[in-house]
Amino acid sequence: MEDFSSSTANIETEGDDAQTDAQTDAQTDAQIDAQTDAEKEAKQKARTVESPLSKQLEQQQADSGKEIGGGLPVIEYWARNTLSPQGLPVWKALFHKSACLSCAWGTGGQKGGFTNEAGEKVQRCMKSMEAVIAEMQPPVKPHFFETHSIDRLQALSSMEADRLGRLSFPVILDAGKSHYRRVTWDAAYELMAKAFRQPPERVASYSSGRSSNEAAYLLQLMMRLLGSNNLADCSDLCHRPSTTGLSSMFGSGTSTVSLESLKQTECVVLVGSNAPANHPRLMNELINLRDRGGTILVINPIREVGLVKYGSPAFPVRSLIPGSDIANLFLQPIPGSDLALFIGIQKSLIERDLIDNDFLQAHTEGWEAVVSQARQTEWKTLTEICGLPKTEIEAAATLIAQAKKVVFAWAMGITHQANGTDNVCAIANTALLTGNIGKMGAGVMPIRGHSNVQGFGSMGVKNDIKPALREALEKITGRSLRREPGYHARALIEAADKAQVDTLLCLGGNFYAANPDLAQAKRALSKIDTVIYVATKPNLGHFNGLGQKQTLILPVFNRFENPHKTTVESGNNFVRLNDEGKSHLNAADLVSEVELLTELAHRLHGSSPIDWRRLQDTRYVRELIARTIPGYQKIGEIDQTQAEFTITGRIFTTPQFKTDSGRAEMLLTPLPYLELPKPIDFGDRPGTVLALITARSYRQHNTIVYKIGDKYRGMPHRQCILMNPEDIEAGGFSDHQRVTVQGQAGALNNIEIISGAIRSGAALMFYPEANVLMKAVIDPKSHTPAFKRVPVLVHR
């Protein structure tokens, strides 16, 4: 029987990736082509060949007396994967003129793969390289699906699924069958077209931010002409609270700060982000800020190593080995209490007459109510909610007040809460109270994940449609478009669970594993007649999110392989142009996402009022984007000029906002109620109740796991729970003890306790594995789930 490992690429795995006795059932199941002890030993020896940098690394840590984020392990990883026979194609891909595949901080494009919009070099990170190497795996073997049943594929972990290789031919799983089988492209198109000929309210799409602006635009146009606004997107599960909150206050839902503006700030407030792991290039800006005398306030329940001290390869002398200090002040509030903390900061500023009254009166509305709320809220209430003393809150307020230009930045620690939108508004209120919006060096900056997740929103991939876009599309199509909102991601799961969805097209992503309550997600998807996955590599959703009648997996080119140019948008509103490329796979068996969508749309809509097949030339898609998407006029000439650009109307360098009044609308933010359930609420078993944070590991991109451990948190594998030492002792547990973690939706057994630098009352486990524990608690304003405050019971 074929070994799964024979299909994987020669991807670097560090020595501490060795499988432990806490590995998942999927990793130990004898059905998964179990290796002999000799094979395991041989592979382990291959993994632990000593790098030339290993001794230097050990010495660095001994010299420093404490670990730093980044540093020599990053260089070690690069050396291992580029100074080898496989290194040349890796370098070629990295230098390709296309945007980074990883996070939305953005680099690459027409300036070159290692260069950002400011022209700075060495702007590739280890996470970027991991994404590239994963895309360069050899193809899944032709007979793989014939010899591996769906039961065995469902037993795979995320990392094992990713390492099966690149998808290189279409396959289908029919109802009642145990194996995927190969299908022709023409048959796949016919099946898709038939599946979409349903009432418009019963067809839907879900999309990932790794695709292009052109594919995103075509997807929403195809769906809207069908009469469906069921355009769920991965942003619904992450930064939609940012878009919702900022749009309501400023009339624009993205960052108000450009990279140029960030370089002029004097202070950064970084909230709910593990940037060293998830957005490493942002760390270069924080290091430069500290070097020029600026300050950084970090707010995070977990004291992440890289947010204390980080070694950047971009600065080999002054930073890489010794490390650079990051946080001037590090606050660890109770998970979910950030809003109370920011009202406390506001209260301290108001009481010391440190707010900008002239700015508030001239450029904001509703400020009086926000000031009144902060004044009237008792300090005792605020400190009890956030779990921080008044002195620490006042120290944070002082840090902000001392700077003339402050950037407030946040990630999913803010948005993955039951009050995520209010959290965003509380941060923006604080920025406005201090006059820190509407000038260079200041503003609000959500730090987004997927490399083009923001671009999908700009292209109109959303379950409702803005009037300006609707009117523009109606003008070019001559048709009236549906006004009523469709399904966002969570509404789509709920509708599918009620058997109200017949067809679902997933353009990238992992809709199954990205959701809370994996049992519900699996059940809901199984009630959809036809589920279609468009992807470059296998993931958990392809094997667990199966349709009732049929499931299709359709392989496509990745960004640096596309046979045509595409564009993407960074989190700071910069649009990059990606050159054409070539694939190491058999190109005859692959299509681009643009080709797939235009061919499907042609079969559904014909050639009028849109000539869909003409749009397979992406120049014409960009012409449509220029005519219909606000701020994107320059994309219409980018093929001639090659000039990448910042989207107009989003970077506020003067306090003139895109609201009806031109003023910022300050909003009241109710204090959160954060009481946890009692142990008895989980049943008869006694134990310790904690607020669980689900998070990515250091070597992970969204649901894709590149390495099972997290060295910086001291978590050697995926089946760990990070706990505060006080909670371990109070619960009668011990470090490395095996326990059961019980959530409101499910339980995980044989979980190893790891003592770490997380605040008391909180715990951390890895996403998506821990999603099985949680029910979907939703922010009512953005409909985004609360992944960062999940009540769990830890017991023996």
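What counts, and where the lines are drawn
Residues numbered from 1 in each chain as written. Predicted model: local features only at pLDDT ≥ 70, side-chain atom pairs only at ≥ 80, totals over all residues. Heavy atoms only, no water. Core = buried A, V, L, I, M, F, W, Y, C linked by side-chain atoms within 4.5 Å. Buried < 20%, exposed > 50% of the residue type's maximum accessible area, 1.4 Å probe, protein only. Helix = DSSP H or I, 4+ residues; strand = E, 2+ residues; numbered from the N terminus. Contact = heavy atoms within 4.5 Å. Pairing = 2+ DSSP bridges. Axes fitted to C-alpha atoms, helices over the stretch in contact; angles between N-to-C directions. Polar contact = N/O pair within 3.5 Å; in protein donor to acceptor, adjacent residues only side chain to side chain. Salt bridge = Lys/Arg side-chain N within 4 Å of Asp/Glu carboxyl O.

Caption draft 1: Geometry of the nonpolar core. Tyr 217, Met 222, Leu 596, Leu 597, Trp 612 and Tyr 632 are the most contacted members of the largest nonpolar core, which has 56 residues in total. A total of nine residues in this core trace back to one element, the largest contributor, which is helix H11 (residues 213-226). Discounting residues that sit within four places of it in the chain, Tyr 217 has contacts with Met 459, Leu 473, Ile 476, Val 621, Leu 624, Ile 625, Thr 628 and Ile 629. Within the second largest apolar cluster, 55 residues are counted, among which are Phe 250, Val 271, Leu 331 and Val 444.

Caption draft 2: Representation of the sheet that holds strand E4 (residues 203-207) within the structure. Ordered by their spatial adjacency, seven strands build an open sheet running E3-E2-E16-E15-E14-E4-E5, and the pairing between neighbours is mixed. Two strands bound the open sheet, and with one partner strand each, they are strand E3 (181-182) and strand E5 (231-233). Bridge count for strand E2 (residues 171-174) against strand E16 (residues 550-555) is four bridges, and the pairing is antiparallel. Opposite Asp 174, over in E16, you have Gln 550 as the bridge partner. This element, H11, spans E4, E5 and strand E14 (503-507) of the sheet and lies at about 165 degrees to E4. Where helix H27 (residues 489-497) meets the sheet, it contacts E4, E5 and E14, and its direction lies at approximately 115 degrees from that of E5.

Caption draft 3: Seen up close, the side chain of Thr 503. Turning to its location among the elements, Thr 503 is positioned in strand E14. Only 2.5 Å separates the side chain of Thr 503 from the backbone oxygen of Ala 195, close enough to count as a polar contact. Not counting chain neighbours up to four residues away, the residues in contact with Thr 503 comprise Ala 195, Phe 196, Gln 198, Arg 202, Val 203, Ala 204, Ile 528, Thr 530 and Ile 532.

Caption draft 4: The arrangement of the pairing of strand E25 (residues 738-742) in detail. The pairing of E25 with strand E26 (residues 747-755) spans four bridges and is classified as antiparallel. Bridge pairing links Arg 738 to Glu 752 in E26. Hairpin remark: E25 followed by E26, antiparallel, with four residues in the connecting loop. Where E25 and strand E28 (residues 790-795) come together, three bridges link them in antiparallel fashion. Bridging across to E28, Thr 740 finds its partner in His 795.

Caption draft 5: Seen up close, the pattern of salt bridges. Summed over all chains, the structure comprises 42 salt bridges. The partner of Glu 769 in a salt bridge is Arg 718, and the shortest N-O contact between them spans 2.9 Å. In this pair, Glu 769 is assigned in the loop between strand E27 (762-766) and E28 and Arg 718 in the loop between strand E23 (704-705) and strand E24 (720-723), connecting sequence segments 51 residues apart. Here Arg 718 falls in the buried class, since its relative accessible area comes to 6%. Connected through shared salt-bridge partners, Asp 186, Glu 190, Glu 599, Arg 603 and Arg 613 make up one network.

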